[in-house]
Structures are given as C-alpha cells and as structure tokens.
Number of protein chains: 4
Amino acid sequence: MHMTDPAHWIARYNTVRERSLALAAPLSDEDCGAQSMPDASPIKWHLAHTTWFFETFILERMEADFAPFHPAFRVLFNSYYNGIGEKHPRPQRGLLTRPGLAEVKAYRANVDVRMARLFAGELPAPQREQLEMLVTLGLEHEQQHQELMLTDVKHLLAQNPLHPAYVARAAAPAGLAVAAAGGAAPEWVAFDGGLTEIGHAGNGFCFDNELPRHRQYVAPFALASRLVSNGEYLAFIEAGGYQTPSLWLAEGWDWVCTQGVRKPMYWQQDEASGRWSEFTLFGMLPLDPESPATHLSLFEADAYAHWRGARLPTEGEWEFAAQQLAVETGELHPAAARVGAASASGTAPAGGLLQMFGHCWQWTSSSYAPYPGYETAPGALGEYNGKFMLNQYVLRGSSCVTPAGHARASYRNFFPAGARWQFTGIRLARR
Amino acid sequence: MHMTDPAHWIARYNTVRERSLALAAPLSDEDCGAQSMPDASPIKWHLAHTTWFFETFILERMEADFAPFHPAFRVLFNSYYNGIGEKHPRPQRGLLTRPGLAEVKAYRANVDVRMARLFAGELPAPQREQLEMLVTLGLEHEQQHQELMLTDVKHLLAQNPLHPAYVARAAAPAGLAVAAAGGAAPEWVAFDGGLTEIGHAGNGFCFDNELPRHRQYVAPFALASRLVSNGEYLAFIEAGGYQTPSLWLAEGWDWVCTQGVRKPMYWQQDEASGRWSEFTLFGMLPLDPESPATHLSLFEADAYAHWRGARLPTEGEWEFAAQQLAVETGELHPAAARVGAASASGTAPAGGLLQMFGHCWQWTSSSYAPYPGYETAPGALGEYNGKFMLNQYVLRGSSCVTPAGHARASYRNFFPAGARWQFTGIRLARR
Amino acid sequence: MHMTDPAHWIARYNTVRERSLALAAPLSDEDCGAQSMPDASPIKWHLAHTTWFFETFILERMEADFAPFHPAFRVLFNSYYNGIGEKHPRPQRGLLTRPGLAEVKAYRANVDVRMARLFAGELPAPQREQLEMLVTLGLEHEQQHQELMLTDVKHLLAQNPLHPAYVARAAAPAGLAVAAAGGAAPEWVAFDGGLTEIGHAGNGFCFDNELPRHRQYVAPFALASRLVSNGEYLAFIEAGGYQTPSLWLAEGWDWVCTQGVRKPMYWQQDEASGRWSEFTLFGMLPLDPESPATHLSLFEADAYAHWRGARLPTEGEWEFAAQQLAVETGELHPAAARVGAASASGTAPAGGLLQMFGHCWQWTSSSYAPYPGYETAPGALGEYNGKFMLNQYVLRGSSCVTPAGHARASYRNFFPAGARWQFTGIRLARR
Amino acid sequence: MHMTDPAHWIARYNTVRERSLALAAPLSDEDCGAQSMPDASPIKWHLAHTTWFFETFILERMEADFAPFHPAFRVLFNSYYNGIGEKHPRPQRGLLTRPGLAEVKAYRANVDVRMARLFAGELPAPQREQLEMLVTLGLEHEQQHQELMLTDVKHLLAQNPLHPAYVARAAAPAGLAVAAAGGAAPEWVAFDGGLTEIGHAGNGFCFDNELPRHRQYVAPFALASRLVSNGEYLAFIEAGGYQTPSLWLAEGWDWVCTQGVRKPMYWQQDEASGRWSEFTLFGMLPLDPESPATHLSLFEADAYAHWRGARLPTEGEWEFAAQQLAVETGELHPAAARVGAASASGTAPAGGLLQMFGHCWQWTSSSYAPYPGYETAPGALGEYNGKFMLNQYVLRGSSCVTPAGHARASYRNFFPAGARWQFTGIRLARR
C-alpha cells in the first residue's frame, strides 16, 4: 500500500480502468445499453458508475476547482448512496439511451485525466493518505463491477434465443468459464477447529465487512476437496431432487414450485436426444460433466447437500480452512492470496483443497452479518456494505470472472438465497 | 388501386419503406434498441417487424425459391400472429441486442430487393391481384408502425431525466407536434343525424374493421368545432378535476387513485414558479395554451367532458359529421380524405369542424366492436384486427404523427381506456 | 305502481325484505361472514348493505328525527357511493366479524320498523311520490343482491374441498339451478329487424340504464331457439377448444393461458373415470348434458360461438327478439314480462325462443354503454349505474336465481368479460 | 418429566387443551372463522390443527383401531408437513366455513377421549416413552398456537374500524398486554463473555432447534437493563426516524418507503389533538409511555438501535446474559426458567436485567440457523423447525401472551424481519 510515487498510482489506476473498457470491447453499443433484469445493470451503466465513484468520492472532495462533468450524472449514476442524494431508479437503467456509450467513454477519459492531475499534484500528507485510501477503494470497487459486467452481460445474452457468444472461445482470455477439475472423486479434508480468529489480518486492503478480526470458536469439521461437478449435480436432477420437498428449505421449495425450477439457470436439455448443454460466455456448449456446477441458488446448494447427507460450510469454517491451507502451502497467505482464475485451481497439496478460488463462489450457510465490533465509515461511503447485512448469505472464494488479485481468504461476497446469475457453486461440508 | 405497372408499385413501395429508415435516422443504435414499456417496442423491432410482414405474408407465399433471411426471425419479429407460430415475448423485445441495427437494415435491404424482383416478375393475374392487395396492406401496416415509432421513441426519451429531443425543432419536418388552433372559442356544430350509413365506401383501400358499410341510426347531435386546448384542460386541473370522483368513471377513478395521476402524461410543473411545460419530440417546451391537449386517456377525456356538461362523441356521430363535412367541402370525400398533418387543420368552412385530422386522435365513447356482418380474413392475416375487439375504445381522425395519406373518415383506431402514449385528445359532443 | 295505500307498500316491502333473510336461513353464522374473493361479498354484508340503502337514501332524507342505527355503519356498508363518503375497502368485507349476524338482523328489524312508520305517516304528495320511487328502487336493489347472495355463497362453498351444499335438493325451492331443456336440437329463429326502438317503455319500474327508449337500426338476424347445453359445450372442450388460439379474442387467449382455464368454473372431471360433475347449490352433481351450460365467461361464450361458426347477439338484437316474441305471445309484454325462474322456460310458441328468462344470463357482444340521451340521477344515487359503463359487457334475460318479477325484456345486466361466478350462458346468433 | 402415572398425564394434557378453548370463549363463531392475512390463521383453524397434531402424530401411529375422525381433516388441518401429504392452501383457511366451530369442538372432544384411552391403556415401555415424548411435544406445540391465537385475533380485530376488544380489561386474566416498567432510566449491564456454551442443557423439554448445546465465543458486551419504552420510541418518531435513510438497513428503508410505515403497527395518532393511542386486546387505549414498545419489525428495532448509537444483541449474548443472571439469582436456571408473564418482570436483582420474559419477544441480530451438529427428527416431524432456517431472525425471551411455563433461556423464536403482529420489542446492546 505504500506506493507514494504518483507514477505508480497512475499506472495501477490505469491498469484497472483500462480493463473495464477492454471487457466492453467485444460488445456493440446496443449490447452495452440493455438491462436484462433489475438485478443486472447495463455495461454502459457500469462504465459510468465506476467513474462516478471516483468523481463523487474523490474529485468532488479533493479537486481544487471541482465542476462536475455533467450535473445530471450525480443522480443518473448513483447506485444506492442515499447520503449522496437522489438516484435514478434501478430497474430503469436500461432506458438511459442518453448519454450514449461514446459520451460515457468521454466521461471516463475526463475523470481519468483529472485523477492523474490529482495524483501528480501537491497534497498535504493526511490528504494524500486519504487519496490513496479512496483510490484503492475505488479500484477494488471497479473490480467488483468488472465481475458484474461479465455476469450481467451473460444474463443478457442468455435471454436471446440466438444464444450469442460474448467472445469466441478461441479468442478468449483465460478465466471466462469454469474449468474442469479432473475426474477424481472428491475427498473429505478434516480440520480440528478450535478457538480461532476470523477476519482480515495484516496491512493489505480489505473491505470494511472483513473487519474487525475477531475470535470465533469452530468445532471440528471437514470440507470436500473440490466443488460439486456438473455430473454430480446431474445425478441429483435425475434422482428427482427437484421433486422431493423433504430436501428443501421451506422457502426453497416455494421457489421451486412457483418458478417451476428444474435445473441450473443456464442448462438446457434437448428434448429429442436428452442431451444437456449450458449457455456460457462462449455461447451454448455441451455440458461438461467434470466442470464445477455453477449458477446455482443457495436453495439448490442446500438441497443438494442435504441429498448427499452433508451440509454447506459456515463462513468461519471456510475461512479457517483457507487459513490453514495457506499456512501449509504458503499459497493463501493474505499477502499472497490474490490468486486469480488461473492459479490455485488445478493442483493442490496432498489432501488439500482444490478450487477454493477462481472457479465458483461457494455458498455458505452463514447469513451476511456484521462481525462483532463492526463499524461503518462515516458519511455516504458507510453505505458501501453495512446496510445490506440482512437476508443475504455469504459466499466465499472467488469465481472464474473475478479479476486476478481481487479476492482473498477473508473476502465476503453476499447475495440473496435465490440469486443465480453469478458464478455460484457448491463445496460440501460435514462434521 | 389499379397500378399494374411494376415501376409504379416499386416506387410506391420504396417511398413508404424509406420513410421508416428516415424516421430512425436521428437516433443512435442505443435509442433504437431500448423498450420503455411492454406496450411500446424498440425502433429496431419496428424496422424488423414491418419487414417480417412482407417476408412472411408475401415472399413466403409467392417467392419461387423462398428461403428466409434468418430462420429465427420468424419468431423474433412475429408480433401477435398465433397462426404463424411462436412469438418472442413482447416485454422482452428490448433485450434483443442481436441482431443489431445494422443487421436489421441488411434484412430490410434484402427483403426490398426480393420484393422488387417479385414486382418485376411474371405472375398470373389472380396472383398479381393478390400481390397488390398484400403489398397495399403491408404498406398501410408499415405506416401504422411509423406512427408508433414516433410515439414509442417519445415515450422512451421521456423516461430520461435529461429530456433529450428526438430532433431539434428547427430541423424538424412538419407534423411532429400538435399545432395551435388559434385563440377562438370553439362553437357547437349541429347535425341532424338520421338513418345513415357508416363504414368505408368506394374502391380505395381500407382495413377490414371499417367494413361492411352498414346502416346506423344517429340521433341529432352537435360536435365542438375544435379540440379541447391545453389552456382549457389546465382549467380542469385547477378546478380540482383530478380530485372530484363524481366526474369519473369508476374504473377511471381507480386509475387516478392507484396511479396518482394529476396531469396529462407529458406535462410537468415547475415547483417554484408553477409554470407548466410539456415534453415533446423537440424536448421540453413551455406549455402552449392554444394547442390541443394531448396524451390523455379515455378516463381523462370522459371526466373532462363530464365537467363541461358535455360528452364524448360516438364513432357513428364522428363519422357522420366527417362525411357531412366532406360533402360540403369536398375535402373529406373518401377518395380525397387522405389529408395529412398539414391540411384540414388550420382553416375550415364557416361553421365547420377544425382539427378533425392531423392533430390528435379523438376518443369516442364507442367500444371497439365488429360492424354487423364483419368477417375476418382466412388464415393468420385474420388476426390483424378482429381479435382485439374487446375492452378497447375507438379513436377517430388522425394525429400529427400519422403519415400523410394514411387516415380517412372511416378509419378506426383503438386503444385501451388507460392508454396515453399516443397523441390522443378530446372533441366534445352533446345532444 | 299506484299503490297509495300504506298497507300495500308495507306488505310489498316486507315480502322482499323477508326473502333476504330466508335466503340466509340455511347458512351458519360463519357461512354468512366469509368472503371468498373481492368480487363477492359476505351474506351478512348483503343483509346489512341492502338495509343501509333504505336508511341512507330514505330514512336519512325523510325521517323527522333521523338518528343512525350505528354511526359507523354509514362507512362499513357503503358499497361504492363516493357521494356518501368513505367506504370500507371491498376486499376486507370478510374481516368484519363485528357487527355479528345477530346485530345485523337487529339493524334490519330496526330499519324495517322505521320504514313502516314512514309509510304509515303523513307526507305531502311530492314527498310521498319520492318515497314510493325510492322504496321501489330500494326493493329492486335488494332483489339484485338476493341474486348475488346465491352466487356469492355458491362461490364460497365451492372453495371448500368438502363441497358442502347450500341446501339439499329435495328441500330446495324451485329455481336454484338451471333446468334441462330437453334433448331437442336448437333451431334458428329469424328476425327481420329494421329501424326499431330499444329501451324501457311504459310506466313500470326500470333502472336508469334502460332509458331513454331510443331508435336503433337492427339488420336481419337469427337467434338460436335455446341456450347452449352442457353436452354441446363438452363437445367444444373435447374438440380442443381451449387449445385453439384462433377461436379466441386476444385477451381471452391470454386469460386461458395465464389462468390455465380448461373448463367452466364449477365443472370437475374425475381423473380415473373421466366422468364430469358440476358443483351446484345442492352440492356436487353429475353433469347433466341437457341443461344449459353456465358459469362461462364472455371469453368462453365468444370462443364457443366462433367455433360453431356463429356469434353472440347484440343487446339490440336480443331485446328486439324479446319484444317480438312478447307481441306474439303476450308473455313478454313489458307489463307482463316479470317472469321468474319457473315460467317462460319449458315451453315456447312454435318456432319461438326458449330459455330467454330464468335459466342463464346471456352474454351479448355489446359493451355496457349509455343509451343516447342517458342521464344519471343527481346526487349519490347517480352513481348507481352510469359510472360502470366501461369495459363491461351486457347480459340479457335472467337466471335461475333471479328473483321472480325482477327482470324484463329491457333489463341490462353487466359484468367484465372474465366474470364467471354468475349464472352466465350462451345464446348463439347469426345473420 | 417422569410422570408415569396416566392420571398425571391426563391432567396435564387436559389443562393445556382446556386453555385453548378458554381462549376462544370470548369470541363469536364469526370471530373464530375469519383470517385477516395469510400469516395469521382463524381461531377455529388453530383449534383444529392442534387437535390434528395429536391425531396424526400419535393416534394414527399408536391407536389400535385407528380411524380418522373425518378423512378430509388430514388435508384441511395440515399446516406445512409435506411428509404428511397435501395441505389446504394457507391463505384460504378463512374460507373453510365448514366444518363449523361446533364440529371442530366435537373433533377436539373426540380426540381428547381417544388420547385419554391411550394414556390409560397398556403399552410396552419403549412405546410409552415415545408416547410421552410425543404428547409433550404436542402440548408445547399447542402452547405455541395459544400465543398465535391471541396475536392472530388481535390482528383480526385491529382491521375492524369499530376497534372491538377481545375482552374487557377489567375481566381479563393477567398477561394480555405489556405492563409498564416504571419510569426509571435503563442501565447498561455489562458481561465479560468468553468461551461459553449455548443451547439447552438438562433433562427438561426443549425443541430440537435449541440443540445441541455447543461452544461459542462471546466477546464482552452490555445489555440494557430493560426494554425500550413507548415514550422512548416516540422520541425516535418525533426526531424523524422514519424519514432518515441512514438509520435503516437497505431492505428496511425499502419497506418503510413502499409500505409508507410511520409508526408501530397498532399505534394511532388523533389528527386534531396529536394524542397517541394503541390498539390492544382490550380495545383502543391511550398510549402508555412507560410500557415497552411492541409490535415492531426487526427493521424498526435495528433502526432505533442505530439511532441510539447502540445495536441489537446476538442470540448468543442474550442467552449468555440470561444464564449468568440465573446463576446469580437462581431464577433463570434452565430447570427453573419456566417463568411466565407474571414473574421475572417487575423486579430484578440490583444491576440486573428486567423484562427478559413475559413482556415482548426481543429481536436479535442473529439469523435463524442450525446450531453446529443440529439434526432434524426423522419423518414428517423433522419439518417442525429445520426447514424454516433461512431469512428469519431469532427472537429471545417471551411475551405477555406466551403461556406460563412455555419459554426458557435457550428458547428460540423466529420471524421474518418485517413481521410485526407478534408482541415484539427491543432490548439494546453494545460493546
């Protein structure tokens, strides 16, 4: 975090910011403007909102002669910060055909220039420290939206009967789809537990919801060595899992019945042949039985675990295991844990845990709640995490579309139990 | 109708077809792709669907070696023809970012070439007659969608807090907004009525819902010489019209209460000054008190009439009056009645009716129902009109965005009582 | 109508009033309190509201020392009269466990005593005339609610898996179910039509919506001699009527699809045997193929007619035919037309129309609209009919549960196109 | 628990069963039949369902010549046990006017006789043990429904504009309303925490969700010595609490805005005087500023705590404190903790906690989740608790309408965050 050299900051800033544009590059203006459901946002909106974050929380506070790029953007691209003021209604983000994509790109360029100027300028030490803190937060925030850009555009393209691909598989960078785990059966990896500490440690960046690090007693438990695969999940379907109420939470069974759910979100079965395929960012592909099953709700994850006579891990168990593993292997030490899609997946130490990061976010049974002693930041930035700590459940790890270096062992992702458009999967636990 | 010369047909076809593209010209690709509500469609969808109409109802039947431009388009761009098969769900038209606008334009060009080839080719007389009938229908259909393109894009732009204009007023062609009527107070123009004939007469084109011409007894009545103006409607608002249940139909009062309606759809009042403005295709403009009030529901039209101690005309009265006027002036004779926005509006014969065409569609109290002896065409084209004859109300005349030459005295437009996004206004009637 | 003798008025008043209580007699207090859907009201509410009508529109205006039985009842039992003031929300009528049934009966008794006192007292001629007019309206109003009491309780009992009977068939008065028509095939009865008069004539009572009598041109037409039978409607089901979109109005097809409609409201098919039964006021009975099909929506009536190559009559045609028949037979002359369930049904003049009254209300294709020159009464009573003249369709005739003497040839019943809980059936028409 | 004498069992059984009938005694048949919302059930349904529990889970398994009282009741009165089979839809419980209340009472009497016979008969030891276990569960279950009977009837009566009382205050048994706490300001009672044990201990009855007792680390914390009072909550309202988004969870703020919440569920403010009153089981009463505020959602509890700079306790903290207190005073020892409404409330040891039991259930910040090692019973009874462990939050203590002897320190009540019709209140916590 001690990168006092402005050039370093500018480089780091630009690297993250450019990746957002790169993610939009394969898409048409129309693709970038559409919104497929209230939970998802248009790509263009992501590009603008991440820029708004820097303009509102940094430039507006620290720029000497601040003037907004466009006064209406303060409302248009405010996501959920009541402390900032009015917000354009979330379900209507897809109706904002103006500003057009080109104007949003101009907005990005303008803010980037002003940010560079701010980096390069003279600032008293406390303000520079605050700048660095806010820029770090803004870049981590942008990385979160980079993941959402991919899950949101996948959801949009999936609504189209033409099944268009985001990119051709051959031309794609690594990490846009879950990768096969090999056919080996999973093992149970046992942990002793005990009175341990959970939460972020060290000086690196973390979100406020990872703090404070605190004591937690964890009883002995075991985790499956890898994620549940498509083939394994298919066996659940074929055994009538979606027709067996005793496997489901009451709310989950309601969800199955009222929405007619019979399979993971992007699976499709050919009526004639019975063959399964799966919609991916590369278009429709045959279902790979060895890849981790993904785009599952917590309801499905819990029912599957029940069917297997197992359960989902708590977030404390998951983090404890990740810490242990890191101590053994050095791989998940907080400073080193920023593993992206390409690493920490294919191989593991003997008896170790595979696919902890870079494949699917892993549902836990833990509701998203403040850690003991949790405090929100003052002002509008205090709305970043805390106000969402209700009726959501924690996911741990990271997914194939999480930016490299973004996740860590203490990272807490969270979604409502019925959410399926993220890359969400299952790691089983038991006593 | 007897234009047997292929060149004439091709010219007429191209004129109408090119106008659709011209209407889309001021818009970005993003503008063309968005859908602001289930009732409205994206511009791109209109461009594709009108093309689909020619491909499906003409080329598929008459082209020797018919092959679809794209097999999926048959479903994607089918509006409501169950006889054709599956339809893409209407509320999701805005999610079809593929095919892109460029591909839809290529689709149009392809079908246009094939249509020209069909015109130019040899056909037995009965088939040529059928071709001419279907092409005429297809072009009238496209003109209906041209009006919808403008009302739909107006609705889309109105959702945007930036209030973007479709075109600058200075650069606009005539007829994209209602024009002032002059300050003169309206007069009552009396008609004797009697046993008359209603419905289309003559050899010109009409839709099946205008047939058969049939007898109807019309009691003596009077119509207001012009439409209700903004200034007059504002007086209704200021007199508490939206707070007085006795003025409203029961369903209208529910609509006012549950939707919190207090003014016409595109009006806006500045809180500080109390001044009214109106969103138009030219952006937000000060409200012109002398222009016809428009974008009103039947509920509002009926309540306003009630407040004035008057009522709405029946469609029979309206058509009777239009016929009488035509006899007097020669202006509205069925063969000559194809008056567009620019005519039949500014002036009228002494004691005559102004603003019958080219300003606002005029709500009648008549539910949309089949004329006695009405018959639908066989096959899927029979779904064009007949199946909508329930819980909708007839509007007569035409609006400022109706293509020139499209409407006539017997023309029956229809919408549900709560619809407001069309250019709909009020002509009062009384005994 | 000239019954100036108070004793006559009291007797007539008591006869109607007592019948309401008699209808409630077979029911428990619990039966009388429940509300099965917002469109239906509890029996207790009907008993109170009809009493409220006399108290509010007569006693409050004409009683010397008026004091309400209970001040809160003015709101609790106001159905829809905004002119009277606040109303208890319709969907919550079933939650009013207080006042209890006994107190509502005490309310009835109290109002009846006060009404008798008013009849017996001295009144100036104009006030007496007004009294007689209002009492007549109040009794006709109560008869309308007597029909609703039976259709509403039928709907309530039908929700109960125990299929309880309202009364045992053996113990029932005549007229609680549609009666068989005999197996004879229906005939087409032709009418010349012409420039005729429609609407109530003569001095007898009618509702304001039957006025003014006015000229209407009716083209030649024919009506089926009897209603469509269960057996005939079953053939429509078995021919796939509910699976054939081309038979249905667009809104009807939506209704079929979204609500999964496959049969009339109270029909039930045994899965094992395939046998059909029908829930009636006598409980569940085998379906009688010769009885008129009933509890059908306008959507179903229209689709059935379409399937048969016929159509529904307009209300003008229906009334014209009823008038003609009356001239021939003397049976339907307005003064004599108060035929109840027991008459005008089993037999008819040669070539005549059967089942015009006393079986099922007959859907027409006419939307419920004001007659030319229609005027509502001043004050709250003006809300009786006029404000409902939108998005509803007229039914003619009367049903097996219409009180004897209530209906007539000019009577206009009306419901939305999807309503099925009334005894509604089909009489076909054609040119 | 070792009451092998049948007479003891019969007496205990009868005591609980008779109380259910006693609770219904002040109500009319109509009161007992109505259902005010899907979450609440009719009194009659509670009386039948608690009987169904004994018939289905005991008599059906253990009665020699079992025959159901009525075969349809198995479905009608099944609440949520998929393992038993079909269920009558919950929102339609209020439409079951048959069986009537008298028949349901006959059902109760019949099952009571059969239960007494079972108690009195000979049974092998393992079966007798199972019988005693199931009867205990059945009686605890009935006590839970006794509380619901009172909260549900309160909700029903509150919908009635007449504001009827369940009973007159003078005639009421103790414990139907929260009692004043005295004017003393609350104190903070501090606890050291540490590695403790949570969950039921000892041989007494508990529900499966209180097991297994397990270790939990609890950091030091403090609890308010009494519940938040009406007067204190009123200050929150007057300070604009319901208009300040920064105090609320995101979902809570949505709830406030979409439902227009401005005050606790049963509070009412007189427009003229500004005086507050509160609907109670005794009818509408002036708001007592010293009584605990109740009928609050978790959203409101959390926002209030936020406003006070405090927070809600976790369930671990609450139970830890209750255990500590019991050790000091002997009053809340798990074996002795069956304190009802009348005790443990008025007085407390110096520095102790008041109103832990018998006033309001106290929202915690803990989501309802299985304890580590939690296991559900086999068969349908396994559905009793476990399947509801999602999107609900734990409440601790007991309320003024909880039956005496029902609650204890380890008892876990649970409701969704928006539920308000239970007697739910606020105890503040802080570090």
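Thresholds, definitions, all that
- Residues numbered from 1 in each chain as written.
- Chains lettered and ligands numbered in written order.
- Predicted model: local features only at pLDDT ≥ 70, side-chain atom pairs only at ≥ 80, totals over all residues.
- Heavy atoms only, no water.
- Helix = DSSP H or I, 4+ residues; strand = E, 2+ residues; numbered from the N terminus.
- Rg over C-alpha atoms; globule rule 2.2 N^0.38 Å.
- Buried < 20%, exposed > 50% of the residue type's maximum accessible area, 1.4 Å probe, protein only.
- Contact = heavy atoms within 4.5 Å.
- Areas by Shrake-Rupley, 256 points an atom, 1.4 Å probe, with all protein chains shown as cover.
- Lys, Arg positive; Asp, Glu negative; His and termini not counted.
- Charge placed at Lys NZ, Arg CZ, Asp CG, Glu CD.
- Domains from an automatic or database assignment.
- Buried area = accessible area lost by both parts, 1.4 Å probe.
- Polar contact = N/O pair within 3.5 Å; in protein donor to acceptor, adjacent residues only side chain to side chain.
- Salt bridge = Lys/Arg side-chain N within 4 Å of Asp/Glu carboxyl O.
- Nonpolar A, V, L, I, M, F, W, Y, C, P; charged D, E, K, R; others polar.
- Pairing = 2+ DSSP bridges.
- Phe/Tyr/Trp six-rings, centres within 6.5 Å; stacked < 30°, edge-to-face > 60°.
- Lys NZ or Arg CZ within 6 Å of the ring centre and 35° of its normal.
- Axes fitted to C-alpha atoms, helices over the stretch in contact; angles between N-to-C directions.
- Expected span 1.5 Å × (residues − 1).
- Arc of directions from axis to C-beta.
- Least-squares fit on C-alpha atoms with pLDDT ≥ 70 in both.
- Parallel < 35°, antiparallel > 145°, perpendicular 65-115°, else oblique.

### Concerning the overall build of chain A
Here's step 1: Looking only at helices and strands, chain A has ten helices and twelve strands in total.
Here's step 2: The C-alpha atoms of chain A give 22 Å as radius of gyration, which agrees with the globular expectation for 431 residues (22 Å, within 12%).
Here's step 3: Looking at chain A residue by residue over its 431 residues, the buried ones come to 58%.
Here's step 4: Counting only contacts in chain A whose residues sit at least 6 apart along the sequence, the fraction spanning at least 24 positions is 77%.
Here's step 5: Summing over all exposed atoms, chain A offers an accessible surface of approximately 16,300 Å²; the carbon and sulfur share of this is 54%.
Here's step 6: Of the charged side chains in chain A, 34 are positive and 43 negative; the average position of the first set lies 1 Å away from that of the second.

### Comments concerning the domain arrangement of chain A
All names here are of chain A.
Here's step 1: According to the domain assignment, chain A consists of domain 1 (6-161) and domain 2 (177-431).
Here's step 2: For domain 1 versus domain 2, the distance between C-alpha centres works out to 28 Å.
Here's step 3: Contact residues are listed per partner, giving 30 residues for domain 1 and 25 residues for domain 2.
Here's step 4: For the domain 1 and domain 2 pair, buried surface summed over both sides reaches about 2,500 Å², with 65% attributable to carbon and sulfur atoms.
Here's step 5: When the buried surface of domain 1 facing domain 2 is broken down by residue, Tyr80, Glu147 and Lys154 rank first, second and third, together holding 29% of it.
Here's step 6: Taken together, the connections running from domain 1 to domain 2 amount to 15 residue pairs in polar contact (both at pLDDT 80 or more).
Here's step 7: If you list the elements that add at least two residues to the side of domain 1 that touches domain 2, you get α3 (43-62) and α6 (125-158).

### Some words on the interface of chain A and chain B
Here's step 1: With 28 residues of chain A in contact, the opposing surface of chain B contributes 29 residues.
Here's step 2: Here chain A meets chain B over a buried area of about 2,200 Å², counting both sides, of which 56% is carbon and sulfur.
Here's step 3: Contact with chain B buries surface across chain A, with Glu30, Leu95 and Arg98 of chain A losing the most and accounting together for 34% of the total.
Here's step 4: Counting across the chain A and chain B interface gives four salt bridges.
Here's step 5: Inspection of the chain A/chain B interface yields ten residue pairs in polar contact (both at pLDDT 80 or more).
Here's step 6: Counting only elements with at least two residues in the side of chain A that touches chain B, the list comes to α2 (29-33) and α6 of chain A.
Here's step 7: In terms of residue count, the dominant contributor to the side of chain A that touches chain B is α2 of chain A (three residues).
Here's step 8: Across the side of chain A that touches chain B, the residue classes break down as 14 nonpolar, nine polar and five charged.

### Points about the sheet that holds strand β11 (residues 424-425) of chain D
Residues and elements named next belong to chain D.
Here's step 1: The mixed open sheet is built from four strands, whose spatial order is β10-β9-β8-β11. Among the strands making up the open sheet, the edge pair consists of β10 (413-415) and β11.
Here's step 2: Bridge count between strand β9 (residues 393-396) and β10: three bridges; the pairing is antiparallel. When the bridges of β10 are listed, Tyr393 appears paired with Phe415.

### Observations concerning the arrangement of the chains
Here's step 1: A gap remains between chain A and chain C, with no contact made and the closest C-alpha atoms lying 13 Å from each other.
Here's step 2: One thing to see here is that chain B and chain D don't touch, and their nearest C-alpha atoms sit 13 Å from each other.

### Remarks on the packing of aromatic side chains
Here's step 1: Scanning all chains against the criterion turns up 151 aromatic pairs over all chains.
Here's step 2: Within the aromatic cluster, the residues linked to one another by ring pairs are Trp52, Phe53, Phe57, Tyr80, Tyr81, Phe205, Phe207, Trp361, Tyr384, Phe388 and Tyr411 of chain A.
Here's step 3: Directly above the aromatic system of Trp45 of chain B lies the positively charged group of Arg93 of chain B, at a separation of 3.6 Å from the ring centroid.

### Overview of the environment of Ala34 of chain A
Here's step 1: Tracing the backbone shows Ala34 of chain A in the loop between α2 and α3.
Here's step 2: Not counting residues up to four positions away in its chain, the partners in contact with Ala34 of chain A are Pro42 and Leu156 of chain A together with Gly94 and Thr97 of chain B.

### Remarks on the sheet that holds strand β5 (residues 267-269) of chain B
Hydrogen bonds along the backbone pair up the strands of a sheet, which may run parallel or antiparallel.
Residues and elements named next belong to chain B.
Here's step 1: Spatially, the three strands line up as an open sheet ordered β5-β6-β7, and their pairing is antiparallel. Sheet topology places β5 and β7 (283-286) at the edges, where each strand pairs with a single neighbour. When strand polarity is set aside, the average angle formed by the axes of neighbouring strands in this sheet is 35°.
Here's step 2: Bridging between β5 and strand β6 (residues 276-280) involves three bridges; their strand directions are antiparallel. From the neighbouring strand, Gln269 faces β6, where its bridge partner is Trp276.
Here's step 3: Of the strands in this sheet, β5 and β6 are in contact with helix α7 (residues 230-238), which crosses β5 at around 60°.

### Quick notes on the pairing of strand β1 (residues 188-191) of chain D
Residues and elements named next belong to chain D.
Here's step 1: Here β1 shows one buried face, formed by Val189 and Phe191, and one open face, formed by Trp188 and Ala190.
Here's step 2: Bridge count for β1 against strand β4 (residues 221-224) is four bridges, and the pairing is antiparallel. Bridge assignment links Ala190 to a residue of β4, and that residue is Ala222.

### A look at the interface of chain A and chain D
Here's step 1: Each partner contributes to the interface: chain A provides 24 residues, whereas chain D provides 24 residues.
Here's step 2: Buried surface at the junction of chain A and chain D, both sides included, amounts to about 2,200 Å², of which 60% is carbon and sulfur.
Here's step 3: Three residues stand out in chain A for area buried against chain D, namely Tyr217, Leu390 and Asn391 of chain A, and they jointly supply 29% of the buried area on that side.
Here's step 4: In this structure, the connection of chain A to chain D is made through seven residue pairs in polar contact (both at pLDDT 80 or more).
Here's step 5: Put simply, the parts of the chain that give the side of chain A that touches chain D at least two residues each are β3 (214-218), α8 (250-259) and α9 (298-307) of chain A.
Here's step 6: Taken together, the residues that form the side of chain A that touches chain D break down as 14 nonpolar, six polar and four charged.

### A short note on helix α1 (residues 6-24) of chain A
Residues and elements named next belong to chain A.
Here's step 1: If you check α1, its first and last C-alpha atoms are 28 Å apart, about what 19 residues at 1.5 Å a residue would give, namely 27 Å.
Here's step 2: When α1 is considered as a whole, its buried residues turn out to be Trp9, Tyr13, Val16, Arg17, Ser20, Leu23 and Ala24. Across the axial projection of α1, the buried residues extend over an arc of 130°, all falling on one side. In α1, the exposed residues that point more than 90 degrees away from the buried face are Thr15 and Glu18.
Here's step 3: Taking the backbone nitrogen of Ala7 as reference, a side-chain oxygen 3.0 Å away marks Asp5 as the first, capping residue of α1.

### Considerations on the relation of the copies chain A and chain D
Here's step 1: Rotating chain A by 180° and translating it 0.0 Å along the rotation axis places it on chain D, where the RMSD comes to 0.0 Å. Such values leave the two copies arranged in the relation of a two-fold axis.
Here's step 2: The overlap is high: 100% of the interface residues of chain A also sit at the interface in chain D, so the same surface is used on both sides.

### Quick look at the pattern of salt bridges
Here's step 1: Tallied over the full model, the rule gives 68 salt bridges over all chains.
Here's step 2: Linking Arg213 of chain A and Glu197 of chain A is a salt bridge whose minimum nitrogen-to-oxygen distance equals 3.2 Å. Separated by 16 residues along the polypeptide, Arg213 of chain A in the loop between β2 (194-198) and β3 and Glu197 of chain A in strand β2 bring together distant segments of the chain.
Here's step 3: Its relative accessible area of 35% is what places Glu197 of chain A among the partly exposed residues.
Here's step 4: A salt bridge links Arg396 of chain B to Glu319 of chain B; the nearest nitrogen and oxygen atoms lie 2.8 Å apart. Of this pair, Arg396 of chain B sits in strand β9 (residues 393-396) while Glu319 of chain B sits in helix α10 (residues 315-329), and the two are 77 residues apart along the sequence.
Here's step 5: When its relative accessible area of 1% is taken as the criterion, Glu319 of chain B is described as buried.

### Let's talk about the packing of helix α7 (residues 230-238) of chain D against helix α9 (residues 298-307) of chain D
All names here are of chain D.
Here's step 1: With their axes 11 Å apart at the nearest point, α7 and α9 run at an angle of 80° to one another. One element, α7, and the other, α9, form an angle in the roughly perpendicular class. Across the interface between the two elements, Glu232, Tyr233, Ala235 and Phe236 of α7 pack against Glu300, Ala303, Tyr304 and Trp307 of α9.
Here's step 2: The residue inventory of the contact of α7 with α9, partitioned by class, reads six nonpolar, no polar and two charged.

### Some remarks on the environment of Ala380 of chain A
All names here are of chain A.
Here's step 1: Along the polypeptide, Ala380 turns up in the loop between β8 (361-367) and β9 (393-396).
Here's step 2: In this structure the C-alpha to C-alpha distance between Ala380 and His141, which are 239 residues apart in sequence, comes to 15 Å.
Here's step 3: What Ala380 contacts, discounting residues up to four positions off in sequence, is Phe57, Tyr81, Gly83 and Ile84.

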